[in-house]
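Listed below, chain by chain, are the residues.
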Amino acid sequence: MINVRKSFFSLFGLYLIFSNGECCIDDGKLGSFMLFLIILKFSQYVVLTYAQSQVRKSQKVDSVHCLNKQDQHSGTLNVFLYILLFCHTPGCYLPKPNITLKAINDKQTLVVSWLVKRSSFVGDIYEIELSRTEQHTVIYTTNVSVSPGGSAEYTWTWISDLPLECVDHSVRMRYYNQSVQSPWSNWITNSGVKANDKSQIFPSNRVLRQGSSAMFCCIPPTGVNVKRMTFRNKEYRLLSIGGGVKAITVNNLTIPEGIIKHLILSCDDATGKSVHVSNYISFPPQKPRNLSCVTFDMVSVTCTWDSPRKQLPFDRNVQIYTLHIENSDKAPFPCEQSSCTFPAVPHQQDYNISVWVKDKLGEEMERYSFNISDRVFPVVKSLRVNRGVTGATVSWSMQESLTHMNLICQVATVPLGTMELRCNNIMSSFCDAKLEHLVPNTKYNVRVRCTVNGRLWGEWAEGSFTTDLLVSLDLWRRIQPLSNSRTRQVTLMWKPRIAGTAATINIQEYTVQWSQEGQTESKNSSVGQAVMSIGPGKCDFTVQALLPSGTSIPANITIPPAEHKENLPVQKRLDSTSEGGFNLTWEEQSTATCGYVVEWCMLGNAVPCTLQWNVPEENNALFLHASEFQAGNRYTFYIYGCTDNGHRLLEMQTGYSQEFKSVQRPSLVEPVQSTSSSVTLEWHYNEDDPAQPAFIMGYLVTVQEVGSVLLPDRSNVSVADPHMKFVTIEGLKENTEYTCSVSALTKEGPGLPASITFRTKINYSSLILKVLTPIFLLMGCTVLLWSQVKIVRSGLKEIFIYPAGMNIKTPEFEGFLHETDQWLQSQKPEECISCDIEILNGRPSLNEITALRDSELMNEPCSPSLQSSLSSSSPSCMLLEANYCPQLATLPWDRPASQQVTSLMNRSYLYTLKEGYSEPPKVVFSETKSSFETSDCPLESCGVIYGYIANDSL
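- Taking an unreviewed UniProt entry as the reference, the protein is identified by name as Leukemia inhibitory factor receptor belonging to Oreochromis niloticus.

Have a look at this one:
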């Protein structure tokens, strides 16, 4: 019996291995396990059969007893197979899951939780269904896989787009283990809100996320319908949720621009009642940026960060900041919106912190790690300055907890620069630094900051101080010898020079002390000058200013002996700068052992002179600003070198800060010396007059003929030498009136002109030459032509005597000319008309042609057409000369060699109609020409043919 029991438990343990401890086993594992049992049963059968055959042969008692045990094992195996088949019947299912449900209305979230059995080797799959309303309308289904492991509570979260208060929300679950499916759990319901006497709207007084979409529902009382819903005074389409509940969807929520960031939602029901709620729009928390931490004293740590987006005033979405030290057991520290201070953990160097920001729309977090020794931010305290004239001592204190560390401090002084020093005074928390080479009576700004090991510099601690006062005097003198005496009058003048840029101070009075020939005298003065009388010998003066805090630096000057005479140097012209100031330079002198002095008069060279002087800081240069001078005034600068025996004049430089061209007019000398072709002008002018508003560079002489424009090339004559005051101008016309003007030239242009008018003389020799030249030419021609007097006489007759038969009366001729002029003015220009006459027959001799021409012309009357047209007005006709354009015509056919083509072209004609002629008309030719082409035969002669062509147009 014991063996049977052992066999049964052995098989049951093997089953539990295959079934993972469950009563039921899936098909796959069950098949494997049954196959294992069948193999085991078959092997048992084979062994048992073999044993029985051996027993029959041996017939031993022990063998029979062994066979009985094998039968018992076989029976046990059969019993276990029956139990296995019973466990695999369809009635063997997984248990129903047990779930809990939690609702978070503000976040519209449902949290489902259940216990998970982790003893199995294979994970389970859980199927979850969510439904709305009492009818359990399924709106969402999902599967959740749970990995194998120990027993624990598992949660699943679902966020609803509809507020949970609007309707009932229910959840149920079942799970799968291998191929086995558990039954559904019971529905767990989160009940919605039921309206009583008036409608309710959800969500209400809630903070909504900017840019998101939201659903708003209106729950009416039982039996009442929702008529409409409006959001920001805009009506939206109603969605039916169930149970009379209506909802709307609003996309892209935006933050209102008013002070209160709320939005109004309204719901109207069928009874006419309206309800209104407000919701607020905001943005979710932003992740902190630029998170960093520092410590000022190794006792507390301050962390700061930036928020990408600052909250607006009156925002209902309150954000809460907390700081967690993750590598310590300290509780979270509450923080401000952008900073947090917490005590340092003793003996802890490394910190891992996280900053959390939470609000109604979510949470964000940022982590940061640091070593506290690397984040030390030293603070300078108690900054003090102990000042002097040219130096100062700056001292400050530090936190005592930092004195044992490697402190490095910087001291910055404007404008000296920055100095760096170590501050490791363990016995005291004070540090100091010395400042040197400071300017007296000057305000300085000093700043100090420190660092530990040079990693992180602290903030600057700022202060200011003014160095002590230092006053010196610029001393000068004026020496005037008195008449009829060896006594000299010395006027001392001085100007206080306060070093630095601080405000001036009150000088009480001045002390003047002088010594001459072993005698010392002194006097006090409340103004900046003093007058003393001294003898002819050398004299030394000392002047000091009395200050509230002491005296100034003594100023010394030496007056040379009276017998000392100086040679005046040559004046040098000085050009002003572009700004109108003076840039004085001179050669350094080895004898000038105690500096230089530049002297000038305030109003230039005008009288009286208000003396000014300047002690240059450089050895051979001085710049004087334009604001100290007046434009148009000439200034003379006297440069003195300081020697052991007094000041010696080195150079004299003169110039203008700005020149004007309005200089004085020259004075012309009269009478003007002129010839028939030139003039010499002379004038008087004081070019070195110091009252002139500019330097005289020369003169400009202008010559102009009266009543005409300027003469070319000789209109303007420049005289480059201001000391040359005459000029001769050549190339003028004789007996012509001219105006000359003379003006002084400056750098800015010509000044005021002085003018004079003169007339050039007549050139009589030229006139005589012009008269005698034609007389001599006429006499020469007469002598040459005397031998040809007859020919000349006949020619003159043809020119000056009327032809035979011409009887022209003077009145008639004048009338004829007048009518002809009137007629010609009324005519319009027309193109010339030419007539060509060509003769093809053989040409007669020239004599025959001439005879024929004369006979025809003398006997030919006017043309019939012309006579008929003029019969009523005049019995005769006359030819007038008219312009004619000749034209040469060429035959288009070949002509015989024996023929000669003659072209006749009329050049001019005269014709007229005149009443009152008593004599028969005559034909007169003013000009008649003809042209003939050259014959091919050289033996033929050429002839001239005169022709007449009547004009029938008149």
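Now that the structure has been shown, the text picks up again.
1. Examining the overall build of the protein
Right, so step 1: A tally of regular secondary structure across the protein gives eight helices and 59 strands.
Right, so step 2: Residues classed as buried in the protein amount to 36% of the 954 residues present.
Right, so step 3: Considering only contacts in the protein between residues 6 or more positions apart, those separated by 24 or more positions represent 64%.
Right, so step 4: When the accessible surface of the protein is split by element, carbon and sulfur atoms take 54% of a total near 56,800 Å².

2. Section: the sheet that holds strand E23 (residues 350-359)
Right, so step 1: Overall, antiparallel pairing links the four strands, which are arranged E21-E20-E23-E24 in an open sheet. If you trace the sheet from one side to the other, it starts and ends with strand E21 (333-334) and strand E24 (362-371), each paired once.
Right, so step 2: Strand direction decides the pairing type here: strand E20 (residues 320-325) and E23, joined by six bridges, are antiparallel. For His324, the partnering residue across the bridge sits in E23 and is Ser354.

3. Regarding the nonpolar core
Right, so step 1: Residues Trp476, Leu492, Trp494, Val512, Phe541 and Val543 are the most contacted members of the largest nonpolar core, which totals 29 residues.
Right, so step 2: Of all the secondary structure elements, the ones that give two or more residues to this core are strand E32 (471-481), strand E33 (488-498), strand E34 (509-516), strand E36 (529-534), strand E37 (539-547), strand E39 (555-559), strand E43 (611-614) and strand E46 (646-656).
Right, so step 3: The biggest single contributor to this core is E37, with five residues.
Right, so step 4: Judged by nonpolar contacts, the second largest core, of 24 residues, contains Met398, Met405, Leu438 and Tyr444.

4. Let's talk about the sheet that holds strand E25 (residues 381-387)
Remark on secondary structure: sheet strands pair via backbone hydrogen bonds, oriented parallel or antiparallel.
Right, so step 1: Taken in spatial order, the three strands make up an open sheet running E25-E26-E29, and their pairing is antiparallel. Since the sheet does not close on itself, it has two edges, and those belong to E25 and strand E29 (430-435), each with one partner. Neighbour-to-neighbour, the strand axes of the sheet open up by a mean angle of 15 degrees, direction not taken into account.
Right, so step 2: In the sheet, strand E26 (residues 392-397) pairs with E29 via six bridges, with the strands oriented antiparallel. In the sheet register, Thr393 faces E29, and the bridge partner there is Lys434.

5. Considerations on the packing of aromatic side chains
Right, so step 1: Under the counting rule described, the total for this entry stands at 29 aromatic pairs.
Right, so step 2: Ring plane angle 80 degrees and centroid distance 5.5 Å describe the contact between Phe296 and Phe377, whose orientation is recorded as edge-to-face. Highlighted residues: Phe296 in the loop between strand E18 (289-294) and strand E19 (300-306) and Phe377 in the loop between E24 and E25, separated in sequence by 81 residues.
Right, so step 3: Looking at Phe377, the relative accessible area reads 14%, which means it is buried.
Right, so step 4: Here Phe342 and Tyr351 contribute two aromatic rings whose centre-to-centre distance is 6.3 Å and whose plane-to-plane angle is 55 degrees, an arrangement assigned as tilted.

6. Notes on the side chain of Thr491
Right, so step 1: Considering the arrangement of structural elements, one finds Thr491 in strand E33.
Right, so step 2: Residues in contact with Thr491, not counting those within four places in the same chain, are Trp476, Arg477, Arg478, Gln529, Ala530 and Val531.

7. Focus: a nonpolar patch on the surface
Right, so step 1: Taken together, Ile762, Tyr764, Leu767, Ile768, Val771, Leu772, Ile775, Phe776 and Met779 make up a surface patch of nonpolar side chains, about 880 Å² in accessible area.
Right, so step 2: Within the secondary structure layout, Tyr764 lies in helix H4 (residues 764-785).
Right, so step 3: Assessed through its relative accessible area of 56%, Tyr764 is described here as exposed.

8. Focus on the side chain of Arg375
Right, so step 1: Summarising the element assignment, Arg375 is placed in the loop between E24 and E25.
Right, so step 2: Although Arg375 is buried, it makes no salt bridge; Asp374 carries the closest opposite charge, 7.9 Å away.
Right, so step 3: A polar contact of 2.6 Å, which involves the side chain of Arg375, links it to the backbone oxygen of Cys293.
Right, so step 4: For Arg375, the residues in contact, after removing those within four places along its chain, are Ser292, Cys293, Val294, Thr295, Tyr368, Phe370 and Leu456.

9. A look at the pairing of E34
Right, so step 1: Every second residue of E34 is oriented toward a common face, the buried set being Tyr510, Val512, Trp514 and Gln516 and the non-buried set Glu509, Thr511, Gln513 and Ser515.
Right, so step 2: Taken together, the seven bridges between E34 and E37 define a ladder with antiparallel strand orientation. Within E37, the residue paired with Glu509 across the bridge is Leu546.
Right, so step 3: Counted along the chain from E34 to the antiparallel partner strand E35 (residues 519-525), the turn is two residues long, and its residue Glu517 has a positive phi close to 55 degrees.

10. Some points on unusual backbone geometry
Right, so step 1: Of the consecutive residues Phe202 and Pro203, the connecting peptide bond is found in the cis state with omega at -5 degrees.
Right, so step 2: In this fold, Pro203 is placed in the loop between strand E9 (200-202) and strand E10 (207-209).
Right, so step 3: Here the bond from Glu670 into Pro671 is cis, since omega is -5 degrees, no more than 30 degrees from zero.
Right, so step 4: Phi is positive for Arg232, close to 55 degrees, though the residue is something other than glycine.
Right, so step 5: Tracing the backbone shows Arg232 in the loop between strand E12 (226-231) and strand E13 (234-235).

11. Re the state of the cysteines
Right, so step 1: This structure, assessed with the given rule, holds eight disulfides.
Right, so step 2: The partner cysteine of Cys335 in its disulfide is Cys340, sulfur to sulfur 2.3 Å. Here the S-S torsion is close to -60 degrees, and the disulfide linking Cys335 with Cys340 is therefore left-handed. When sorted by exposure, Cys335 lands in the same class as Cys340, which is buried.
Right, so step 3: The disulfide that involves Cys601 links it to Cys609, with 1.7 Å between the sulfurs. Taking the sign of the S-S torsion, about -100 degrees here, the bridge from Cys601 to Cys609 comes out left-handed.

12. Examining the environment of Lys523
Right, so step 1: With respect to the helices and strands, the residue Lys523 is situated in strand E35.
Right, so step 2: Judged by its relative accessible area of 33%, Lys523 is partly exposed.
Right, so step 3: On a C-alpha basis, the gap between Lys523 and Val512 in space is 5.2 Å, while along the polypeptide they are 11 residues apart.
Right, so step 4: If near-sequence neighbours (up to four positions away) are discounted, Lys523 is found in contact with Tyr510, Thr511, Val512, Trp514, Val531 and Met532.

Calculation rules
Residues numbered from 1 in each chain as written. Predicted model: local features only at pLDDT ≥ 70, side-chain atom pairs only at ≥ 80, totals over all residues. Heavy atoms only, no water. Helix = DSSP H or I, 4+ residues; strand = E, 2+ residues; numbered from the N terminus. Buried < 20%, exposed > 50% of the residue type's maximum accessible area, 1.4 Å probe, protein only. Contact = heavy atoms within 4.5 Å. Areas by Shrake-Rupley, 256 points an atom, 1.4 Å probe, with all protein chains shown as cover. Pairing = 2+ DSSP bridges. Core = buried A, V, L, I, M, F, W, Y, C linked by side-chain atoms within 4.5 Å. Axes fitted to C-alpha atoms, helices over the stretch in contact; angles between N-to-C directions. Phe/Tyr/Trp six-rings, centres within 6.5 Å; stacked < 30°, edge-to-face > 60°. Patch = residues over 30% accessible without salt bridge, like charges linked within 9 Å, V, L, I, M, F, W, Y side chains within 5 Å. Salt bridge = Lys/Arg side-chain N within 4 Å of Asp/Glu carboxyl O. Lys, Arg positive; Asp, Glu negative; His and termini not counted. Polar contact = N/O pair within 3.5 Å; in protein donor to acceptor, adjacent residues only side chain to side chain. Disulfide = S-S within 2.5 Å.

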